[in-house]
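Okay, here's what each chain looks like letter by letter:
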Amino acid sequence: MNVATPIAPDAAAFDGIWPAEGSSRIPARVYTDPAVYRRELDRFFYSRHWSYVGLEAEVPEPGRFKRTAIGERSVIMIRNRQGEINVLENRCAHRAMRFCQEKFGKVKTLVCPYHQWNYNHDGKLLGVPFQRGVKGKGGMPEDFALTDRSLRRLKVTVRNGVVFASFDDDVEPFEDYLGPDVLRYFDRTFDGRELVVQGYSRQRIPGNWKLMMENIKDPYHPGLLHTWFVTYGLWRADNQSQLVMDRHHRHACMISKRSETVDAEVTKGVTSFRKNMQLNDESLLDIVAEPWWGGPTVCMTTIFPSVILQQQINSLSTRQIIPVGPDAFDFVWTHFAFADDDEGMRARRMHQANLFGPGGLVSADDGEVIEFSQDGFEQDQGFATLCELGGTDVGNSDHMVTEGLIRGMYRYWREVMEI
């Protein structure tokens, strides 16, 4: 197994972090403790798991690259001359410099500016300046071999245009990693049609990375927090819905069908509901049902630990989670369409994307409450959350009045973290 293994904190550092049984009461230190965070990076981002790195459409031709990260480790997704996708660690094999600074680009070769070590698109070292010395002086030792100093090349899987990578050469096959139930919803959106990137949104959220995973495993809040959702029926507690997990409870799908009528029972006393709210731009509700939906108007899929796949009405995006410390993460949205969409549908997808993203009429709420939650965890390290809506068990559901998906994720988290 080719896995990076940082020096682990002493086992005593984790004593007493989560003394209670179960996964419904999550201690504040799970979100704030630096030792917990370092173990998470090692066990979730650097071993045993697949992480999202991008879409094939982002590197459409040989030499095209995208710089991103898995955990805190910078990586480059690049297409080689044979048309294959590689993911290489952005770290020169000479002096460890993160040599690639551009987010996107096209190169003939990858060159580290420090000492101009030169690599091909597969990460193989092509040349070293002054390898043979200058005028008989200096140079590399006789036993120096270019083949010994390649860039770290990650294991890669590409499914229907979506690229995942792992630092672990022995990671299970991607299809097994997702499991059949979640894979079915993955393939519902990514069914093999050619994808087209429409744009990006980026933000840094001052909160623990798991809080965003929780947020998209939480059907409790959308019909309460988000005025847009509850008022226009895009997500309410009375929607026809389904919650699905893989057998390990790490991944999940929240599936919902928009309500056309308002149930007074689910809006009574809900302060975010605005019965008389009017839109200046009615086109935000220009929703066109697509055959591939199969009925649901929303499908939010969390693939642990690194990405959320969004189909919210006609808006499509991936939302990548990149932790940058125990109390912050970068959140990168890639908005996409299908190559066979007509001009009207492409414009509709982009227009409805204004509901989401950092400044979206819906998603701005999520970033703010995550920040405020992190503040609360930092304020009192003895606090524990209460995720017991719908009980304390873990399982799939045909309704949204539950926090079972969050409990499922933390059951898995505790097993892997051994906490």
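Since we're looking at a predicted model, the values are computed, not measured.

Chemist: It is not clear to me how the overall build of the protein chain should be interpreted in this structure. Could you clarify?
Modeler: Within the protein chain, the secondary structure is distributed over 10 helices and 17 strands. The buried share among the 419 residues of the protein chain stands at 55%. Taking the contacts inside the protein chain whose residues are at least 6 apart along the sequence as the reference set, 66% of them involve residues at least 24 apart. When the accessible surface of the protein chain is summed, it comes to about 18600 Å², and 48% of that surface belongs to carbon and sulfur atoms.

Chemist: What is the right way to look at the packing of aromatic side chains in this model?
Modeler: Overall, the coordinates contain 27 aromatic pairs when judged by the stated rule. Each residue in the set W50, Y52, F164, F174, F186, F190, W292, F336 and F338 is aromatic and connected to the rest through ring pairs, giving one cluster. Of note, R39 hangs over the ring of F14, and the distance from its end group to the ring centre comes to 3.7 Å. Its guanidinium or amino end placed over the ring of F338, R193 lies 3.6 Å from that ring's centre, counting from NZ or CZ.

Chemist: Even after reading the chapter, I still don't get the pattern of salt bridges, so can you show me in this structure?
Modeler: Side chains that carry opposite charge are capable of pairing whenever their charged atoms lie near each other. Inspection of the entire model under this criterion finds 20 salt bridges. As a salt-bridge pair, R159 and D187 come within 2.6 Å of each other at their nearest N and O atoms. Of this pair, R159 sits in strand β9 (residues 155-159) while D187 sits in helix α3 (residues 174-189); the two residues are 28 residues apart in sequence, bridging distant segments of the chain. You can call R159 buried: its relative accessible area is 19%. Given the relative accessible area of 21%, D187 is considered partly exposed. One continuous salt-bridge network, built from bridges that share partners, spans E61, R64 and K106.

Chemist: Help me understand the confidence of the model for the protein chain, please; the structure alone is not making it clear to me.
Modeler: Interpretation of the predicted coordinates at a detailed level should be avoided for regions scoring low in pLDDT. Taken as a whole, the protein chain shows an average pLDDT of 91; of its residues, 89% reach a score of 70 or greater. Below pLDDT 50 for its whole length, residues 1-7 participates in 17 contacts with residues either more than four positions away or in separate chains.

Procedures and definitions
Residues numbered from 1 in each chain as written. Predicted model: local features only at pLDDT ≥ 70, side-chain atom pairs only at ≥ 80, totals over all residues. Heavy atoms only, no water. Helix = DSSP H or I, 4+ residues; strand = E, 2+ residues; numbered from the N terminus. Buried < 20%, exposed > 50% of the residue type's maximum accessible area, 1.4 Å probe, protein only. Contact = heavy atoms within 4.5 Å. Areas by Shrake-Rupley, 256 points an atom, 1.4 Å probe, with all protein chains shown as cover. Phe/Tyr/Trp six-rings, centres within 6.5 Å; stacked < 30°, edge-to-face > 60°. Lys NZ or Arg CZ within 6 Å of the ring centre and 35° of its normal. Salt bridge = Lys/Arg side-chain N within 4 Å of Asp/Glu carboxyl O. pLDDT = per-residue confidence, 0-100.

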